[in-house]
Amino acid sequence: MANRQPRPIPRSVRIFLVAFWGILCAAIAAAPLLQARGHDAAASWLHGIFSAVCHQDSARSFAVLGNPCAVCQRCSGIYLGLFFASLFPWELRLVRSPLRARRLWVAGATAPMLLDVLLSWTGLWAGSALARTATGALFGAMLASFLGPALGEIAAQARRSRQRVGPQVLGDPS
Amino acid sequence: MTQNAMWRPAVISGILIGMLSAIPPFNLVNCVCCAWLIGGGMLAAHMYIRNSAAVVTLGSGALLGALTGAIGGAASTLFGIPVQMLMRSVLAPYVDEVRRVVSDLPNVPPWFMDVINASAGNESPVVGALVSLPFSIVLYGVVTTLGGVLGVAVFEKRKAGGSDSLPPPPADYIPPPPPPPAVPEP
């Protein structure tokens, strides 16, 4: 595993990633919809799950039918970035790039979000929904650019292991 | 470097994540895009890379991050039990007042009232922790996986396929026995 260059991500891995992040995005939007329909228990359950990873401040969350989503605007941006970036095969060029370029990509995608957080905390800038979502989406896209190749590599390794073990299990003399 | 070597950085980072995510006010740092979780994954990746003779790949970083997150989720739940008990005993006198004030406000979402009621409830924190444990493990695992992958992308300086990377041994490889101890000549 250690000496192999990243390969194109298998279609199954891409489908898994798109489905996974898509379901998470749908769950985030489903919480206010369920609440609007009177399914308070289900909405509370979804809010409870995401409360482990988000402050869920309703003043900084998107509202659907008057009810807040399950995560804040910045987290919504991150999940949307992960979802949309997983749709397209664009990440390998970044992963194969030299360390300096990779670090620049990480810093460049993280800095706007951190700047937005710091300026909001210090009170120098009130921030906006668009800024929180856009900077979060850029950060999410950056994470997706590394996650796809990582899972592709794990899938390829698992396939190689199965191919090695298979004939012995079946008793193949070769 | 085998997957067994992942345990040490994963356990250290996982316990650190669990403590910091459970104890107030340190847990508020997680409000900034799960900073403890992503940072914990990156820390585990950094420790793993530093001790690895071979180039660490993104896939290893993902596995390491997932392991770290699973340990961190369990640790956070465990550390959260005494913290929750303490908070309940301290906040109990104020919760009724807060409940009364909030119930007078217009458009308070029902889930928010649920949170307030739960904070004053008689339900044991251990039961609540056991219910939330699987969700914590999965959610922490997902976010920390991102941190592990990010850590490898940032900290792994060696180039895959370069002279400093070791090829993996074949599946049926058996290491040779160690040489016999040297006998001093008379």
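Scroll up to find the structure this text is about.
Report follows, based on the coordinates. The structure presented is a predicted model; accordingly, all values stated were derived computationally and were not measured.

1. Details of the overall build of chain A
Helices and strands together make up the secondary structure of chain A, namely six helices and two strands. Along chain A, helices and strands appear, N-terminal first, in the series α-α-β-β-α-α-α-α. Radius of gyration (C-alpha) of chain A: 20 Å, far over the 16 Å computed for a compact globule of 174 residues. For chain A, the C-alpha atoms occupy an extent of roughly 65 × 45 × 25 Å along the three principal directions. Looking at chain A as a whole, 46% of its 174 residues qualify as buried. Residue pairs at least 24 apart in sequence account for 68% of intrachain contacts in chain A once pairs closer than 6 positions are excluded. Carbon and sulfur atoms provide 67% of the accessible area of chain A, an area that totals close to 9,100 Å².

2. Regarding the pattern of salt bridges
All names here are of chain B. Inspection of every chain in the model, using the stated rule, returns two salt bridges over all chains. Ionic pairing is found between Arg 158 and Glu 156, a salt bridge with its closest N-O pair at 3.0 Å. A relative accessible area of 22% means that Arg 158 is categorised as partly exposed.

3. Section: the packing of helix H2 (residues 35–51) of chain B against helix H5 (residues 125–155) of chain B
Residue and element names in this part refer to chain B. With their axes 7 Å apart at the nearest point, H2 and H5 run at an angle of 45 degrees to one another. Here H5 runs oblique to H2, going by the angle between their axes. Helix-helix and strand crossings are classified by hand; for H2 and H5 the assignment is right-handed. In this structure, H2 uses Leu 37, Ile 38, Gly 40, Gly 41, Met 42, Ala 45, His 46 and Ile 49 to contact H5, whose residues at the interface are Tyr 140, Val 143, Thr 144, Gly 147, Gly 148, Leu 150, Gly 151, Val 152, Val 154 and Phe 155.

4. Focus on the interface of chain B and chain A
Many analyses report the size of an interface as the accessible area lost when the parts associate. Contact with chain B, which involves 40 residues of that partner, is made by 39 residues of chain A. For the pair chain B and chain A, the two sides together bury roughly 3,500 Å², of which 74% comes from carbon and sulfur. At the junction of chain B with chain A, the criterion picks out zero salt bridges. The tally of links from chain B across to chain A stands at five residue pairs in polar contact (both at pLDDT 80 or more). Looking at the side of chain B that touches chain A element by element, the count peaks at 13 residues for H5 of chain B. Along the lines of polarity and charge, the residues of the side of chain B that touches chain A split into 31 nonpolar, six polar and three charged.

5. Remarks on helix H3 (residues 58–104) of chain B
Because each turn of an α-helix spans 3.6 residues, side chains separated by three or four positions in sequence point in the same direction. The end-to-end C-alpha distance of H3 of chain B is 52 Å, clearly below the 69 Å that 47 residues give at a rise of 1.5 Å each. The largest bend along H3 of chain B reaches roughly 60 degrees and is located at Ala 92 of chain B, with the proline Pro 93 of chain B sitting one to four residues downstream.

6. Quick word on the state of the cysteines
Within this structure, the stated rule accounts for zero disulfides over all chains. In this structure Cys 54 of chain A is a free cysteine whose sulfur lies 3.6 Å from that of Cys 72 of chain A, the closest cysteine sulfur available. With no disulfide of its own, Cys 34 of chain B has Cys 75 of chain A as its nearest cysteine by sulfur position, at a separation of 5.7 Å.

7. Observations concerning the packing of helix H1 (residues 11–36) of chain A against helix H2 (residues 40–50) of chain A
All names here are of chain A. Closest axis-to-axis distance for the H1/H2 pair is 8 Å, and the angle between their directions is 140 degrees. It follows from the interaxial angle that H1 and H2 lie oblique. Seen from above, H1 lies across H2 with left-handed handedness. Residues Leu 24, Ala 27, Ile 28, Ala 30, Ala 31, Leu 34 and Gln 35 of H1 form the contact with H2, whose participating residues are Asp 40, Ala 42, Ala 43, Leu 46, His 47 and Phe 50.

8. Some points on a nonpolar patch on the surface
The grouping of Leu 86, Met 87, Val 90, Leu 91, Tyr 94 and Val 98 of chain B at the surface amounts to a nonpolar patch, some 560 Å² of accessible area in total. Structurally, Val 98 of chain B can be placed in helix H3.

9. With respect to the environment of Asp 57 of chain A
Tracing the chain through its elements places Asp 57 of chain A in the loop between H2 and strand E1 (63–64). In sequence terms Asp 57 of chain A and Ala 41 of chain A are 16 residues apart; their C-alpha atoms lie 19 Å from each other.

10. Things to note about the packing of aromatic side chains
All names here are of chain A. The full count for this structure, using the stated rule, is six aromatic pairs over all chains. Plain terms: the ring middles of Phe 16 and Phe 20 are 5.9 Å apart, the flat faces sit at 25 degrees to each other, and that makes the pair stacked. Within this pair, Phe 16 and its partner Phe 20 are both found in helix H1, separated by four residues, close to a single helical turn. Residue Phe 20 is classed as partly exposed on the basis of its relative accessible area, which comes to 28%. Centroid distance Phe 20 to Trp 21: 5.0 Å. Interplanar angle 75 degrees. Geometry classified as edge-to-face. Counting every residue linked through ring pairs, the aromatic cluster contains Phe 16, Phe 20, Trp 21, Phe 50 and Tyr 79.

Quick notes on the rules
- Residues numbered from 1 in each chain as written.
- Chains lettered and ligands numbered in written order.
- Predicted model: local features only at pLDDT ≥ 70, side-chain atom pairs only at ≥ 80, totals over all residues.
- Heavy atoms only, no water.
- Helix = DSSP H or I, 4+ residues; strand = E, 2+ residues; numbered from the N terminus.
- Rg over C-alpha atoms; globule rule 2.2 N^0.38 Å.
- Buried < 20%, exposed > 50% of the residue type's maximum accessible area, 1.4 Å probe, protein only.
- Contact = heavy atoms within 4.5 Å.
- Areas by Shrake-Rupley, 256 points an atom, 1.4 Å probe, with all protein chains shown as cover.
- Salt bridge = Lys/Arg side-chain N within 4 Å of Asp/Glu carboxyl O.
- Axes fitted to C-alpha atoms, helices over the stretch in contact; angles between N-to-C directions.
- Parallel < 35°, antiparallel > 145°, perpendicular 65-115°, else oblique.
- Left-handed = near helix turned anticlockwise from the far one by under 90°.
- Buried area = accessible area lost by both parts, 1.4 Å probe.
- Polar contact = N/O pair within 3.5 Å; in protein donor to acceptor, adjacent residues only side chain to side chain.
- Nonpolar A, V, L, I, M, F, W, Y, C, P; charged D, E, K, R; others polar.
- Expected span 1.5 Å × (residues − 1).
- Bend = angle between axes of the 7 residues up to and from the residue.
- Disulfide = S-S within 2.5 Å.
- Patch = residues over 30% accessible without salt bridge, like charges linked within 9 Å, V, L, I, M, F, W, Y side chains within 5 Å.
- Phe/Tyr/Trp six-rings, centres within 6.5 Å; stacked < 30°, edge-to-face > 60°.

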